[in-house]
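Reading the structure
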Amino acid sequence: MNLTLHLPAMREFMQSGRNLLLRRRTVIASADRVLITSLVNMVGNSGRIEGAATSEREALTCLHNGTANLLICTDLLDSGSGPSLVASAKRIRPELVCLMLIQRPLRSTIEAAIAAGCNGLCSREQVGNGHLLRALQAIDSDSTFIDPVIAGVLRHSRLSRGSSPSLSTTLSLREEDVLRGICRGLTNQEIADQLNLSIDTVKHAVTALLGKLEARDRTQAVLIAFRNDLVDLPANLPRWSA
C-alpha cells in the first residue's frame, strides 16, 4: 500500500499531538522498564516528564511532589496496581487525567480501572504507531477514551447480565447508534463521520444517553451497555440523513 498521499495528514496528526503534549506535565508508572523508557522518549520529546516510577507508592510520591496533570500507567506495577494508583491519584488531584495501558486484558482489570475513574483505557500492544497520541487527543476532545481492543474484551466476556433489560427502551434510535459507536471505541468525530451527523448532534446524544444510563462517563456507559446486553455491534454504523 502506497501511503505517500497520506503523509501530510500524518504529519499534521503528529504535530497536533505534540501541541497537546506541550500542555501536559506527565508522571509515568509501570513495572515494565522498557515501556517507561519508550514513553519517556515519546512524551518527553514534546512535553514535560515530572516523574517515573515502578510502584504505586513511588508514583504517588511523584504526584504529591509535583504539578502533574497527566498520569500514564499500566495495570501491572512492581507493588500495588494501576487501578489502585488511579483511585488514589484521583483523590489527591480530581482533575488529573489518567490513561491506563492494559497489559493483562482481563474483565476484572478493566472493570477496576473504570471504577477507579480512568479517563482512557488502551491495550498495551496498541501504544505504538501514533495510538497513544490518538488516545490523548480523544480524551482532550471527548473527556474519555476506550480503544477497540479493550471494548472487544468487554463485549466478548459479556460480563454478568444486569437486572434492567428495559434500559434499551429509554434510548432513542440515534442514541443507540451513538452508543454502538462508543462501544466500538470510536471518538465523537469518528461517530459523526460514520453516522453522517454533525459533531454537536453526537455530543448532545452522548450527554443524553449518559444521563439515561446513569453513567459517569463513556467508559462506564460501555460497561453498562455490555452488562445489560443493550447493543449488538454491526460491522458499520448506519448513516443518518441530515
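Please refer to the structure higher up on the page.
1. Focus: the overall build of the chain
A tally of regular secondary structure across the chain gives 11 helices and 6 strands. Looking at the chain residue by residue over its 242 residues, the buried ones come to 49%. Within the chain, counting contacts between residues at least 6 apart in sequence, those at least 24 apart form 69% of the total. In the structure as shown, the chain presents an accessible area of about 11600 Å², 51% of it carried by carbon and sulfur atoms.

2. Remarks on the side chain of Thr54
Here Thr54 lies in the loop between strand 2 (48-53) and helix 3 (56-65). Overall, the relative accessible area of 16% leaves Thr54 in the buried class. With near-sequence residues (within four places) excluded, Thr54 lies in contact with Ser30, Ala31, Arg33, Ile36, Leu77, Asp78 and Ser79.

3. What about the pairing of strand 5 (residues 120-123)?
Put simply, side chains in a regular strand alternate between the two faces of the sheet. Neither face of strand 5 is left uncovered, since the one carrying Gly120 and Cys122 and the one carrying Leu121 and Ser123 both have all their residues buried. Where strand 4 (residues 97-102) and strand 5 come together, 4 bridges link them in parallel fashion. Among the inter-strand pairings, Leu101 is bridged to a residue of strand 5, identified as Cys122. Crossover connection from strand 4 via helix 5 (residues 107-116) to parallel strand 5: handedness right-handed. Of the pairings in the sheet, the one linking strand 5 to strand 6 (residues 145-146) comprises 2 bridges and is parallel in character. Directly across from Gly120, in strand 6, lies its bridge partner Phe145.

4. Some thoughts on the pattern of salt bridges
Applying the stated criterion across every chain yields a total of 12 salt bridges. Between Asp78 and Arg33 there is a salt bridge; the shortest N-O distance is 2.9 Å. Of the two residues, Asp78 sits in the loop between strand 3 (70-74) and helix 4 (82-92) while Arg33 sits in helix 2 (residues 33-44), which places them 45 residues apart along the sequence. When its relative accessible area of 43% is taken as the criterion, Asp78 is described as partly exposed. Of the charged contacts in the structure, one is a salt bridge between Arg216 and Asp217, with a shortest N-O distance of 3.2 Å. Given the relative accessible area of 43%, Arg216 is considered partly exposed. Residues joined by salt bridges that share partners form a network here, namely Arg23, Arg24 and Asp140.

5. With respect to helix 10 (residues 199-213)
Along its 15 residues, helix 10 runs 21 Å from first to last C-alpha, staying within 8% of the 21 Å computed at 1.5 Å per residue. Within helix 10 the residues assigned to the buried category are Val202, Ala205, Val206, Leu209, Leu210 and Leu213. Each buried residue of helix 10 lies within a common arc of 135° when the element is viewed along its axis, so the set occupies one face. Exposed residues pointing more than 90 degrees away from the buried face of helix 10 are listed as His204, Thr207 and Gly211. In this structure, the buried side of helix 10 is in contact with helix 8 (173-183), helix 9 (188-195) and helix 11 (218-227). Looking one or two residues beyond helix 10, the residue adopting positive phi is Glu214, at roughly 55°.

Rules used in this analysis
- Residues numbered from 1 in each chain as written.
- Predicted model: local features only at pLDDT ≥ 70, side-chain atom pairs only at ≥ 80, totals over all residues.
- Heavy atoms only, no water.
- Helix = DSSP H or I, 4+ residues; strand = E, 2+ residues; numbered from the N terminus.
- Buried < 20%, exposed > 50% of the residue type's maximum accessible area, 1.4 Å probe, protein only.
- Contact = heavy atoms within 4.5 Å.
- Areas by Shrake-Rupley, 256 points an atom, 1.4 Å probe, with all protein chains shown as cover.
- Pairing = 2+ DSSP bridges.
- Right-handed = clockwise from strand over helix to strand, strands pointing away.
- Salt bridge = Lys/Arg side-chain N within 4 Å of Asp/Glu carboxyl O.
- Expected span 1.5 Å × (residues − 1).
- Arc of directions from axis to C-beta.

Interpretation note: all reported values are geometric properties and have no functional meaning in isolation.
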